[in-house]
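Here is how the chains run, residue by residue.
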Amino acid sequence: MLFALICTDKPDHLQVRLDTRPDHVAYLEGLNAKGALKFAGPFLDGAGKPTGSLVVVEAADRAAAALIAEADPYARVGLFDAVEIKAWNWVFNPPQEA
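Residues numbered from 1 in each chain as written. Predicted model: local features only at pLDDT ≥ 70, side-chain atom pairs only at ≥ 80, totals over all residues. Heavy atoms only, no water.

1. Quick look at the environment of Phe 92
Rules: A helix here means a DSSP run of H or I that spans at least four residues, while a strand means a run of E at least two residues long, and both kinds are numbered starting from the N terminus. Relative accessibility under 20% of the residue-type maximum defines a buried residue, over 50% an exposed one, and the middle range a partly exposed one, all with a 1.4 Å probe and only protein chains included.
Mapped onto the secondary structure, Phe 92 falls in the segment after β4 (80-88). Taking relative accessible area as the criterion, Phe 92 reaches 70% and is therefore assigned exposed.

2. Side note on the pattern of salt bridges
Any two side chains of opposite charge can pair, given that their charged atoms come close. The condition is simple: Any carboxyl oxygen of Asp or Glu that lies within 4 Å of a side-chain nitrogen of Lys or Arg is treated as forming a salt bridge with it.
Taken as a whole and assessed by the stated rule, the structure comprises three salt bridges. One salt bridge in this structure joins Asp 9 and Arg 17, with 2.7 Å as the shortest N-O distance. Across the pair, exposure class does not vary: Asp 9 and Arg 17 are buried alike. Residue Lys 38 pairs with Glu 58 through a salt bridge whose shortest N-O separation is 3.2 Å. Placement of Lys 38 in strand β2 (residues 37-44) and of Glu 58 in strand β3 (residues 50-58) is noted, with a sequence separation of 20 residues between them.

3. Observations regarding the sheet that holds β4
The following threshold applies: Paired strands, in this sense, are two strands between which DSSP finds at least two bridges. Axis definition: a line fitted to C-alpha atoms, limited for helices to the stretch in contact. Angles are taken between N-to-C directions and run from 0 to 180 degrees. Contacts are assigned to residue pairs with any non-hydrogen atoms lying within 4.5 Å of each other.
Spatially, four strands are ordered β2-β3-β1-β4 in an open sheet, and the strand pairing comes out antiparallel. Where the open sheet ends on each side, the last strands, each with one partner, are β2 and β4. Taken over all neighbouring pairs, the strand axes of this sheet differ in orientation by 15 degrees on average, direction set aside. Inspection of the sheet shows strand β1 (residues 2-9) paired to β3 by seven bridges, in the antiparallel sense. Residue pairing for β3: Cys 7 is matched across the bridge by Ser 53. In the packing of helix α1 (residues 14-34) onto the sheet, contacts are made with β1, β2, β3 and β4, and the angle to β3 comes to roughly 15 degrees.

4. Some details on the nonpolar core
Keep this limit in mind: For our purposes a nonpolar core is just a set of buried Ala, Val, Leu, Ile, Met, Phe, Trp, Tyr and Cys residues, chained together by side-chain atoms within 4.5 Å.
Formed by 19 residues in total, the largest nonpolar core has its most connected members in Leu 5, Leu 31, Val 57, Ala 65, Ile 68 and Ile 85. Discounting residues that sit within four places of it in the chain, Leu 5 has contacts with Ser 53, Leu 54, Val 55, Val 57, Ala 65, Ile 68, Ala 69, Glu 84 and Ile 85.

5. What to know about the pairing of β1
For β1, the tally of buried residues reaches six of eight residues, placing the bulk of the element in the interior. Sheet topology note: the β1/β4 ladder contains eight bridges and is antiparallel. Bridge pairing links Leu 2 to Trp 88 in β4.

6. Some details on helix α2 (residues 62-71)
Structural remark: α-helix, 3.6 residues per turn; residues separated by three or four positions point the same way. As a reminder of what qualifies: Each direction from the helix axis to a C-beta atom contributes to the arc, which is the arc of those directions. Whenever a nitrogen or oxygen atom comes within 3.5 Å of another N or O atom, the pair is scored as a polar contact, on the condition that within protein one atom can donate a hydrogen and the other can accept it, and that pairs from neighbouring residues in sequence are kept only if both atoms are in side chains.
Of all the positions in α2, only Ala 65, Ala 66, Ile 68 and Ala 69 are classed as buried. The buried residues of α2 occupy an angular sector of 160 degrees when the element is viewed end-on, so they sit on one face. Facing away from the buried side of α2 by over 90 degrees, the exposed positions are Ala 63, Leu 67 and Glu 70. Lining the buried residues of α2 we find β1, α1, β3, α3 (73-76) and β4. If you check the start of α2, you find a side-chain oxygen 3.3 Å away from the backbone N of Ala 63, and it comes from Asp 61.

Listed below in structure tokens is the structure:
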């Protein structure tokens, strides 16, 4: 099952994001190598600066998706103000149709 991890950064935490980005990218690369990562990227403000993340993962259930979210280096350093985890159905343009 697919889950969208909708993560909102704490205000004034851009430097935390920048400092932790290499570890975050390595973590996502590991998920990708296992086939768990479907896509990911930052939300941007009007000036083009990141304000959060959208990460879509495949997991057995919501609890497994929560473990993936909690293990993200961004979450571990306290970057996020909130993380919402929602089951998601990829209807239009899923990769198997590409």
